[in-house]
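A structural walkthrough
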There are 2 protein chains.
Amino acid sequence: MARDKAKDSPSDKVGTICRALRRAIIEQALEPGAKLPEDALGERFGVSRTIARHALGQLAAEGLVELRRNRIAVVATPSWQEARDTFDIRIELERLVVRQLAGRLSKAQLATLRAQVDQEEVARGGSDAVSIRLATEFHILLASMTESAIMIRYISEIAYRCCLTLSLFSRPHSSECAINEHRLLIDALESGDAEKAMSLMHHHLDSVAERALVAQAKPRGRDIMDILAPYADAPVTRSAVRKRRLDAAE
Amino acid sequence: MARDKAKDSPSDKVGTICRALRRAIIEQALEPGAKLPEDALGERFGVSRTIARHALGQLAAEGLVELRRNRIAVVATPSWQEARDTFDIRIELERLVVRQLAGRLSKAQLATLRAQVDQEEVARGGSDAVSIRLATEFHILLASMTESAIMIRYISEIAYRCCLTLSLFSRPHSSECAINEHRLLIDALESGDAEKAMSLMHHHLDSVAERALVAQAKPRGRDIMDILAPYADAPVTRSAVRKRRLDAAE
DNA sequence: ATGCCCAAAAGTGCATGCAATCATGATGCC
DNA sequence: GGCATCATGATTGCATGCACTTTTGGGCAT
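Before going into details, it helps to say that this report is about the structure given with it. (Residues numbered from 1 in each chain as written. Chains lettered and ligands numbered in written order. Predicted model: local features only at pLDDT ≥ 70, side-chain atom pairs only at ≥ 80, totals over all residues. Heavy atoms only, no water.)

Attention now moves to the overall build of chain A. Counting its regular elements, chain A contains 11 helices and three strands. Across chain A, helices and strands are ordered from the amino to the carboxyl terminus as α-β-α-α-β-β-α-α-α-α-α-α-α-α. Look at the contacts in chain A between residues 6 or more apart in sequence, and 75% of them connect residues 24 or more apart. When the accessible surface of chain A is totalled, it reaches about 12300 Å², and 52% of it is carbon and sulfur. (Helix = DSSP H or I, 4+ residues; strand = E, 2+ residues; numbered from the N terminus. Contact = heavy atoms within 4.5 Å. Areas by Shrake-Rupley, 256 points an atom, 1.4 Å probe, with all protein chains shown as cover.)

The structure is reproduced here in structure tokens:
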């Protein structure tokens, strides 16, 4: 059953900070572009900058945080293309997951999965934050049932990154259909129909990606510089650029 | 064309150390289980322990290094099962790579790939270290042509981990056939036959994995504790265990 | 001799301090 | 008034120092 979190390598302080930040990001409390100063993190979690810094390094390695030399770290802002690439890989990996899992899940495991979906159902009326977190946890739960440490790690990473994408590109977050898709998937896994499960997963993720990415080249919000890029025809002075960037950041 | 190394986030000192260690690992200068004391690394690279430590953290996040609390970091020693899982994922991802690349490579890119294989050919008589490195670089080169940052990162990580596996489980490293398989793959990519390319890649990786992993449950070498595990029927005293572990480590 | 126990040595975990770099508001010039 | 320049505060980059844990080697009892 491997280690339960796979990424609290050094002590646990670093791991604690990472988990907290991941969760904050997944629930969109920290939006893409949000600043993460080492001091502030250190103070908040009662550790020194050294540890906060280390945690940021880990998250950067996962692609959740962007580290720029001598600049404050920020929550990553995946480009549209990166988001597309991420979903492509996610589809392949999750197809592999359900292929390995089809017909091999215990009753207890199936029950666990269904319990998770029930939770998603309960949270449907509530905040998007919780819905997104639960949906993401469903996929990670699935991955963890493969008991492949590396698969768990990759699926987790990618799922978190997809959450980032969702908060960047997607709107209100229509989770209604997703819940049903999760249910159908569990049924296919139970019946042992690998092909069907793979197909369901494929289309499930496709539709999530589509809701987020298709027909919407507009990154909506966050970085004004990106939004304005297509309009930037006239050359601007350096200070003007600097000012705009600041406005956008805060 | 994205950033060229994807993982020298903080400054470059950390990145430099990471690259050096990755290379040492890939060329089997550092075998699985090799100790990596922070002091030694810091002195060797002319930095403080802080930086060395950070680099180890990054490598641990990539799965190349194992960090145990209050213990000296060591080069990771993947279990047989982990190795199997890694290859499974690798196959899926590299199939995706060639699917995306088939028929879309420029003449220059094809030439680059063929040049790489030529190098492999040249190195055939030489040391295994170089052969393995070149073969690994071929796969990473292929991945980099997708221009998908995340794909490049994952393939690189996995390829490095597979090198670890090879140095653990595989013997002399029979690279002759691999070279030819690389050539055939390039041809398929050039002709635009995605299905064939995917199939070639699949079987190429399968055979690499098989040479490394099949018919050989014996981890050969490294950690005596693991080898002896099946024989450990009689309870042993604490000090005896401690001594054996030391012998194995050094 | 053999095995146990304890003290010195080695190594990690973490905070702090200082230099270097970036950010931002004030100043002066046009 | 608008724009470039510069000084000050904010923030990172990195090394060092100290406490704590593990390792190791030697002495003591058996």
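Attention now goes to the relation of the copies chain B and chain A. Laying chain B over chain A is done by rotating through 180° and shifting 0.0 Å along the axis; what remains is an RMSD of 0.0 Å. Given the turn and translation reported, the copies of this chain are related as if by a two-fold rotation axis. Taken as a fraction of all interface residues of chain B, those also at the interface in chain A reach 100%, which identifies the copy contact as same-surface. (Least-squares fit on C-alpha atoms with pLDDT ≥ 70 in both.)

A separate point is the state of the cysteines. Residue and element names in this part refer to chain A. Counted under the stated rule, the structure contains zero disulfides over all chains. No disulfide involves Cys163; its nearest neighbouring cysteine sulfur is the one of Cys162, lying 7.3 Å away. Accessibility expressed as a relative area gives 3% for Cys163, which makes it buried. (Disulfide = S-S within 2.5 Å. Buried < 20%, exposed > 50% of the residue type's maximum accessible area, 1.4 Å probe, protein only.)

A word on the pattern of salt bridges. Residue and element names in this part refer to chain A. Going through the model one piece at a time under the given rule, you end up with 36 salt bridges over all chains. Here Arg19 and Asp12 are joined by a salt bridge, their closest N and O atoms 3.3 Å apart. With a relative accessible area of 26%, Arg19 lands in the partly exposed category. Owing to a relative accessible area of 37%, Asp12 belongs among the partly exposed residues under this scheme. (Salt bridge = Lys/Arg side-chain N within 4 Å of Asp/Glu carboxyl O.)

Our next topic: the sheet that holds strand S1 (residues 35-36) of chain B. Ordered by their spatial adjacency, three strands build an open sheet running S1-S3-S2 (chain B), and the pairing between neighbours is antiparallel. Looking at which strands have only one partner, the edges of the open sheet turn out to be S1 and strand S2 (65-66) of chain B. (Pairing = 2+ DSSP bridges.)

For the rest of this paragraph, the subject is the interface of chain B and chain A. In this complex, chain B contributes 31 residues to the contact, which on the side of chain A involves 32 residues. With both sides pooled, the region where chain B packs onto chain A buries about 2700 Å², and carbon together with sulfur makes up 59% of that total. Considering only the side of chain B, the residues that lose the most area to chain A are Ile89(B), Glu92(B) and Tyr154(B), jointly responsible for 21% of the buried surface there. Where chain B packs against chain A, one counts four salt bridges. Among the ionic pairs, Arg153(A) bridges to Glu157(B), the shortest N-O distance being 2.4 Å. On inspection of chain B and its partner chain A, the count reaches 11 residue pairs in polar contact (both at pLDDT 80 or more). When grouped by side-chain class, the residues that make up the side of chain B that touches chain A number 10 nonpolar, eight polar and 13 charged. (Buried area = accessible area lost by both parts, 1.4 Å probe. Polar contact = N/O pair within 3.5 Å; in protein donor to acceptor, adjacent residues only side chain to side chain. Nonpolar A, V, L, I, M, F, W, Y, C, P; charged D, E, K, R; others polar.)

Bringing the sheet that holds strand S1 (residues 35-36) of chain A into the picture now. All names here are of chain A. Here three strands make up an open sheet; going across it, the order is S1-S3-S2 and the pairing antiparallel. The strands lining the two open edges of the sheet, one partner per strand, are S1 and strand S2 (65-66). When S1 meets strand S3 (residues 73-75), the two strands line up antiparallel, connected through two bridges. What sits directly across from Lys35, in S3, is Val74.

Tracing the sequence through the fold places Ile17(B) in helix H1 (residues 13-26). When residues no more than four places from it in sequence are discounted, the contact partners of Ile17(B) are Phe45(B), Val47(B), Ile51(B), Ala52(B) and Ala55(B).

Glancing now at the packing of helix H6 (residues 128-144) of chain A against helix H7 (residues 149-169) of chain A. Residue and element names in this part refer to chain A. Two elements in contact, H6 and H7, have axes whose closest approach is 9 Å; the angle formed by their N-to-C orientations is 165°. As the angle between them shows, H6 and H7 are arranged roughly antiparallel. Along this stretch, H6 crosses H7, giving a crossing that reads as right-handed. Contact residues: Ile132, Thr136, His139, Ile140, Ala143 and Ser144 in H6; Ile152, Ile155, Ser156, Ala159, Tyr160 and Cys163 in H7. Of the residues assigned to the contact of H6 with H7, the class counts are eight nonpolar, four polar and no charged. (Axes fitted to C-alpha atoms, helices over the stretch in contact; angles between N-to-C directions. Parallel < 35°, antiparallel > 145°, perpendicular 65-115°, else oblique. Left-handed = near helix turned anticlockwise from the far one by under 90°.)

A separate point is helix H2 (residues 38-45) of chain B. Residue and element names in this part refer to chain B. The set of residues buried in H2 consists of Glu38, Leu41 and Gly42. For H2, the arc enclosing every buried residue in end-on projection is 100°, short of the 170-degree limit, so these residues lie on one face. Every exposed residue of H2 that faces more than 90 degrees away from the buried side is listed here: Asp39, Glu43 and Arg44. Where H2 is buried, its residues touch H1, S1 and helix H3 (49-61). One or two positions beyond H2, positive phi appears at Gly46, with a value near 70°. (Arc of directions from axis to C-beta.)

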